[in-house]
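Spelled out, the chains give:
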Amino acid sequence: MRTLAIAALAVLAGANPSVAPGSALFLASGPLEICSSLTPSHCSDGSAPTSEHAAGPPRYRVDAEGIARALDGALWRDAPARLPQSVERLLRHFESQESGAALDAETLRAQLTGLCEENGAVHECTAPDTVRPWNQLLDAEQRAVLAALELPPIARDGRSPAVSVSPADSRGAGAFQPIEAFVQRLAGDSGSRPRIAFVTAAADDPYAAAGLYEALLRAAGAEPVWWPIDAALRSALFETRDCSALPRLRIERLGLPQREWIHPERIASQAQGCEQASAASLPDGAVGLLFADGDVLRLHQSLVHADGQPTPWLLAIRAASESGQIRVGGIGAGAAVLSDAPLATRGGSAWSLLRGASATQPAPAGCGRAGRCPDAEGESALHVEAAGGLGLAAGLVVEVQTSELARELRLLRLLQIGPARIGLGIDAGSAFWLQRDKDEAWRVESFGAEGGWILDAGLPDARCRIPNLFSVIAERIEPGQRARVGRDGLLSLDAGETPARRPIPPGLREPTQPGALRDAARGLAAVSDHQTLRGRVRGGKQAADVAVDRVSGQTWLRVGVSRGAPPFCPIAPRPPRRH
């Protein structure tokens, strides 16, 4: 696999610089676990790159000033009134015990989780059923409290320290390859060091993530420029039209207090761009645009207004991509958000398979732990943006970490919702390069560690009308392979290099287990006659029967939601693919 990945990278890097104008997309799966001074846990030896002035992981202190910031009413607008009072008691008790010690995030979280509250008094937990105030907070509320307690990095010459990266020392082999491939492709197109704009709006803290992606793009040979768009700037530019409101909007929209103290250069850059309106348009001279990983809903809300209308940013991105002025790439959530309709924002495969999807606002992350989910659906429910993502991947729905998070069945459900017919599922450590043809079909090239999936939901067999049955052609596209997909579905898939023969599993593991469907598809890849592996997904009184079939050289993924035998219909083989 590694040989194929390197070969594919060389092909991309040496691509013909006279690529015809038109949409081109780079879609990479997360997670981006690369060794850096911010994330020593991603380094092979567990230690951060050595540099005298490198920015390290954030540190936190519980003191009077931090507690006051954490109790800002704007952070608790949607929370029960008792919560900020409970948080105040928790933090004041912690302050009295720790005496202003500077702690890392993991230590601080562990110590706060270990404190319980009874009758308004906070103490070390001694019983498992005692109320733990920290666990009653949603994920976003916990992040907001930590942001309020964060200490500024030690500055050098009046400037904040820069992030240091060492991709070669990363734990995950090939973790840096997606960014490197994107940069080298653009370098091949332009014949020079490419200027690449990047957006970190999906990150928990866009200003902290900016330093990491800037260092990574520079290490890959690009000239990086941060485009500081996020939900706070969107509101300041297009809603309130008041740039002076940015500090308050960062608290209200992002849950991030005191960023001007923690990341002064980034905040100054964003404020200047707002005042001069330069942040309202694409950075000058950029030939590429990269969306960083994070939360797909947070990124979507940064580029789409609350009423569903596209922002001027999104309109500019679409126009520049369609004309070939820029090449757009995304990593993780930054790739998924490029989907057409619908866009998954929350939810797992089992729920989506058994109970369908909802277009309502998803349950907030952490509500299950906190006991604060708005309904019985909880965090597992599949929620979608029915109008879709940013729409740059026209006619396609994109999933990332597909096999690793068992999202194949969620992707199948999204295709059932429609209107998109083709689903692309990219596995971890892998990426797809897409180029739009004149006939509006997409040419797809797979590279990286694992490859991914192409799901075609256009059934040629109209005889099967059984309710709650859905089938798709589900082909693996391994590293080094190419395919074409369009309005008529999967048009072609080349054979690629002869894959290593894999044993056919004795049965299909529980289909929502990581890698279960990938193992089945790879095992059946060499089978031409009809052979089937079957499994079942259960949830309460419902069950879904899942089958992976190999018929006439094609792989099918079929699902039937039932209480008895799987209601599967015979498969009618598709006509030969056009090459």
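Note: the structure precedes this text.
Residues numbered from 1 in each chain as written. Predicted model: local features only at pLDDT ≥ 70, side-chain atom pairs only at ≥ 80, totals over all residues. Heavy atoms only, no water.

1. Overview of the packing of aromatic side chains
Inference 1: Scanning all chains against the criterion turns up six aromatic pairs.
Inference 2: Summarising the aromatic geometry, the rings of Phe26 and Trp433 are spaced 6.0 Å apart at their centres and angled 55 degrees between planes, so their arrangement reads as tilted. Of this pair, Phe26 sits in strand S1 (residues 24-28) while Trp433 is found in strand S15 (residues 430-436), placing the two residues 407 residues apart along the sequence. Here Phe26 and Trp433 have matching classes, each one buried. (Phe/Tyr/Trp six-rings, centres within 6.5 Å; stacked < 30°, edge-to-face > 60°. Helix = DSSP H or I, 4+ residues; strand = E, 2+ residues; numbered from the N terminus. Buried < 20%, exposed > 50% of the residue type's maximum accessible area, 1.4 Å probe, protein only.)

2. Some words on the nonpolar core
Inference 1: The biggest cluster of nonpolar side chains holds 97 residues, and the ones touching the most others in it are Ile179, Leu289 and Phe291.
Inference 2: Looking at this core, the element that brings in the most residues is helix H7 (residues 206-219), giving seven residues.
Inference 3: Excluding residues within four positions of it along the chain, Phe291 makes contact with Val199, Leu299, Leu303, Ile317, Val328, Gly329, Gly330, Ile331, Gly334, Leu338 and Leu390.
Inference 4: Residues Leu354, Leu411, Ala457 and Val537 belong to the second largest nonpolar core, which totals 30 residues. (Core = buried A, V, L, I, M, F, W, Y, C linked by side-chain atoms within 4.5 Å. Contact = heavy atoms within 4.5 Å.)

3. Side note on empty space enclosed by the protein
Inference 1: In this structure the tally under the stated criterion is one cavity of 30 Å³ or more.
Inference 2: What the largest cavity holds in volume is close to 30 Å³.
Inference 3: What lines the largest cavity is Trp453, Ala474, Leu517, Ala521, Val548, Thr555 and Leu557.
Inference 4: Counting only elements with at least two residues in the lining of the largest cavity, the list comes to helix H18 (516-524) and strand S23 (554-562).
Inference 5: Residue composition of the lining of the largest cavity, grouped by class: six nonpolar, one polar and no charged. (1 Å grid on protein atoms, 1.4 Å probe; cavity = no way out; pocket = protein on both sides within 12 Å on 5 of 7 lines; lining within 4 Å. Points joined across faces, edges and corners; volume = space filled by probe spheres on them. Nonpolar A, V, L, I, M, F, W, Y, C, P; charged D, E, K, R; others polar.)

4. A few points about the sheet that holds strand S16 (residues 442-448)
As a general point, the strands of a sheet are linked pairwise by backbone hydrogen bonds and lie either parallel or antiparallel.
Inference 1: An order of S7-S6-S8-S9-S1-S15-S16-S19-S20 is seen for the nine strands of this open sheet, with the pairing classed as mixed. If you trace the sheet from one side to the other, it starts and ends with strand S7 (223-226) and strand S20 (489-493), each paired once. Going across the sheet, the axis of each strand differs from the next one's by a mean of 25 degrees, ignoring polarity.
Inference 2: Bridge count for S16 against strand S19 (residues 482-486) is four bridges, and the pairing is antiparallel. Across the sheet, residue Trp442 finds its bridge partner in S19, namely Val485. (Pairing = 2+ DSSP bridges. Axes fitted to C-alpha atoms, helices over the stretch in contact; angles between N-to-C directions.)

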